[in-house]
Amino acid sequence: MGKTFKMAFGKGAYYAVFIGTMMELALVIVMSLVKLYIGLLFLLMLILMLWFCSMSIRRSRYIVTEDEIIIALYPDRKRKFCIDRISKINYVDTGTEWARNAPNARHQLAIYFDRKYLKSVEPRYFAPEDRDAFVEELLRHKPDITVDTEEVKL
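Cut-offs used in this document
Residues numbered from 1 in each chain as written. Predicted model: local features only at pLDDT ≥ 70, side-chain atom pairs only at ≥ 80, totals over all residues. Heavy atoms only, no water. Helix = DSSP H or I, 4+ residues; strand = E, 2+ residues; numbered from the N terminus. Contact = heavy atoms within 4.5 Å. Buried < 20%, exposed > 50% of the residue type's maximum accessible area, 1.4 Å probe, protein only. Arc of directions from axis to C-beta. Core = buried A, V, L, I, M, F, W, Y, C linked by side-chain atoms within 4.5 Å. Expected span 1.5 Å × (residues − 1). Polar contact = N/O pair within 3.5 Å; in protein donor to acceptor, adjacent residues only side chain to side chain.

(A) Structural context of the environment of L46. Within the secondary structure layout, L46 lies in helix α2 (residues 36–59). Excluding its chain neighbours within four sequence positions, the residues that come into contact with L46 are T21, E24 and L25.

(B) Spatial organisation of helix α4 (residues 131–141). Where α4 is concerned, the buried positions are R131, F134, V135, E137, L138 and H141. One side of α4 carries all its buried residues, which in axial view fall inside an arc of 160 degrees. When the buried face of α4 is taken as reference, the exposed residues oriented beyond 90 degrees from it are E136 and R140.

(C) How the structure looks around the nonpolar core. The biggest cluster of nonpolar side chains holds 23 residues, and the ones touching the most others in it are I86, I111, F126, F134 and L138. Looking at this core, the elements that each hand over two or more residues are β2 (61–64), β3 (68–73), β5 (86–93), β6 (107–113) and α4.

(D) Here's a closer look at helix α1 (residues 11–34). Over its 24 residues, α1 extends 35 Å from the first C-alpha to the last, a length consistent with the 34 Å expected when each residue adds 1.5 Å. Of all the residues in α1, the buried ones are G12, A13, T21, E24 and V28. Check the buried side of α1 and you find it contacts α2.

(E) Up close: the side chain of H141. Along the chain, the position of H141 falls in helix α4. The class of H141 is buried, set by a relative accessible area of 16%. Looking at H141, its side chain comes within polar contact range of the side chain of E137, at 3.1 Å. Apart from residues lying up to four places away in sequence, H141 is in contact with V64, T65, E66 and I83.

See the structure below:
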């Protein structure tokens, strides 16, 4: 189908899951003291939440095909961008891993598309774990993309 790149996540994504788990666990303990079956119901909700969060983090990826970039998010959400419409790529350092741009990784790529394609002058932010290999794959499909490898601070 295409080359797959795992999506990078910052510390904020993992801390949010941990904090949510601790809050839900406290609720499970309190509800178990009231009625056992209510506590078990909340425990089931906690297990489902942890499963969904771990799947969302583990299965989110970028797929570069011959003519498009596909952002595949768990469970079945996909967003497609045409590679032929990319005009420029900048390396970006957000300065923090606490989520200004999803998926909240610190080191990202700002990809500028033709204005008529996205109807915006703002870039789209991509955060593959291996940024250099991702850019090389895009350049293999469209060699005339302008790439600025110097990190820009946001």
